[in-house]
Amino acid sequence: MAKLTFSRILLKMSGEALMRGGDAIDPVFLEQLALDIKAVRTAGVEVAIVVGGGNIFRGLAGSSKGMERSTADHMGMLATVINSLALRSAFERQGMDVRVLSALLMPQVCEHYTRDSAVAHLEQGRIVIFAAGTGNPFFTTDTAASLRAAEIGANCLLKATKVDGVYTDDPVVNPQAKRLDRLTYDDVWNQHLGVMDMTAITLCRDNNIPILVFSIFQPGALMNVMRSEGPYTLIGGTHG
């Protein structure tokens, strides 16, 4: 069995990943995800998670319809808190010790985020879920994921998507599209690949945090990626 590549990871998931069959949060998928996370944690990897809120409310969508942008973004942050609590509940049902740390102060619901508390929880073997983005409007949860990954010293940021990597074109629309095994940060910039927003990519580049893009929907996929097995795209390094 291949040795696990990273000792501390940050998993970034979209809120839409939690949706199935018209439900905003699908309990069947949550159970599968919890089992996958538990397997990785049991293998000794420290796991932090950032989840979006698009299955409930997306700030950009609200602002595009005339809502004031800061208000819309704060509503989106609250949606990520809801999703984070759902993840915590699913993980706890599998016997894991979990903490939700929010960038917005809400002590009746979860802990307030500080870097020191996040690192302490990870070192004690707990799963840490970062909620409410960066706590500031105009920043995406992709940027929040990159920021938190840098703050906690994560070895890798894993971007979980509905496809198993970055492709030359949309594989759903174009069956001839090819998956790219490796890209540099500059490739993402220059080819406008849209893997993550450019602020997030820049944060990862400046802090030398590799990004692994893979599909979260196959059971066991997370463990496979951690062993450098299975389909995925690695983003890291620069040309020259």
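Okay, so let's go over this structure. These numbers were taken from a predicted model, which means no experiment stands behind them. (Residues numbered from 1 in each chain as written. Predicted model: local features only at pLDDT ≥ 70, side-chain atom pairs only at ≥ 80, totals over all residues. Heavy atoms only, no water.)

### A few points about the overall build of the protein
Counting its secondary structure elements, the protein contains eight helices and eleven strands. Relative to a compact globule of 240 residues, whose C-alpha radius of gyration would be 18 Å, the protein shows 17 Å and is just as compact. Looking at the 240 residues of the protein, the share that counts as buried comes to 50%. Relative to all contacts within the protein whose residues are 6 or more apart in sequence, the contacts with residues 24 or more apart total 73%. In the form shown here, the protein has an accessible surface area of approximately 11,000 Å², with 53% of it arising from carbon and sulfur atoms. (Helix = DSSP H or I, 4+ residues; strand = E, 2+ residues; numbered from the N terminus. Rg over C-alpha atoms; globule rule 2.2 N^0.38 Å. Buried < 20%, exposed > 50% of the residue type's maximum accessible area, 1.4 Å probe, protein only. Contact = heavy atoms within 4.5 Å. Areas by Shrake-Rupley, 256 points an atom, 1.4 Å probe, with all protein chains shown as cover.)

### Observations regarding unusual backbone geometry
A positive phi angle is found at F138, which is not glycine, with a value near 75 degrees. Here F138 shows up in the loop between β5 (127-131) and α5 (141-152). With relative accessibility at 51%, the residue F138 sits in the exposed group. Despite not being glycine, S228 has its phi angle at roughly 60 degrees, a positive value. Checked against the element boundaries, S228 lands in the loop between α8 (221-226) and β11 (233-235). For S228, a relative accessible area of 41% corresponds to the partly exposed category.

### Structural notes on helix α7 (residues 198-206)
Taken residue by residue, α7 has A200, I201, T202 and C204 as its buried positions. Residues of α7 that are buried in the fold lie against α5, β6 (156-161), α6 (185-190) and β10 (211-215). You can read the cap of α7 off the contacts: a side-chain oxygen lies 3.0 Å from the backbone nitrogen of T199, and it is on D197. Residue N208 follows α7 closely and has a positive phi angle near 55 degrees. (Polar contact = N/O pair within 3.5 Å; in protein donor to acceptor, adjacent residues only side chain to side chain.)

### Points about the pattern of salt bridges
Enumeration over the complete set of coordinates arrives at twelve salt bridges. Close ionic contact of D142 with K12 constitutes a salt bridge, the shortest N to O distance being 3.3 Å. One end of the pair, D142, is in helix α5; the other, K12, is in strand β1 (residues 8-13), and 130 residues separate them in sequence. Given a relative accessible area of 12%, D142 falls into the buried group. When the shortest N-O distance is used, the salt bridge between R58 and E16 registers 2.1 Å. In this pair, R58 sits in the loop between β2 (46-51) and α2 (59-64) while E16 sits in the loop between β1 and α1 (27-42), placing the two residues 42 residues apart along the sequence. Here E16 falls in the partly exposed class, since its relative accessible area comes to 31%. Sharing partners across several salt bridges, the network here consists of D97, R99, E111 and R126. (Salt bridge = Lys/Arg side-chain N within 4 Å of Asp/Glu carboxyl O.)

### Focus: the side chain of S215
Within the secondary structure layout, S215 lies in strand β10. By relative accessible area, which is 10% here, S215 ends up buried. Of the polar contacts made by the side chain of S215, one reaches the backbone nitrogen of F217; its length is 3.3 Å. Beyond its immediate chain neighbours, meaning those up to four positions away, S215 contacts T161, K162, V163, D164 and A221.

### Observations concerning the sheet that holds strand β4 (residues 111-112)
Judged by pairing direction, the sheet is mixed, and its nine strands sit side by side in the order β4-β3-β5-β2-β1-β6-β10-β11-β9 without closing on themselves. If you trace the sheet from one side to the other, it starts and ends with β4 and β9 (182-183), each paired once. Note that β1 and β2 share six bridges and pair parallel. Looking across to β2, one finds that R8 is bridged to E46. Against the sheet, helix α3 (residues 69-93) engages β2, β3 (98-102) and β5, with an angle of about 165 degrees to β5. (Pairing = 2+ DSSP bridges. Axes fitted to C-alpha atoms, helices over the stretch in contact; angles between N-to-C directions.)

### Considering the pairing of β5
The buried fraction of β5 amounts to five of the five residues, a majority that puts the element mostly inside the structure. Where burial is concerned, the two faces of β5 agree: the one with I127, I129 and A131 and the one with V128 and F130 are both buried. Here β2 pairs with β5 via three bridges, running parallel. Residue pairing in the sheet places A48 in a bridge with V128 of β5. Two strands pair when backbone bridges link them, and β3 and β5 are joined in this way by five bridges, in the parallel orientation. Following the sheet pairing, V100 is matched in β5 by I129.

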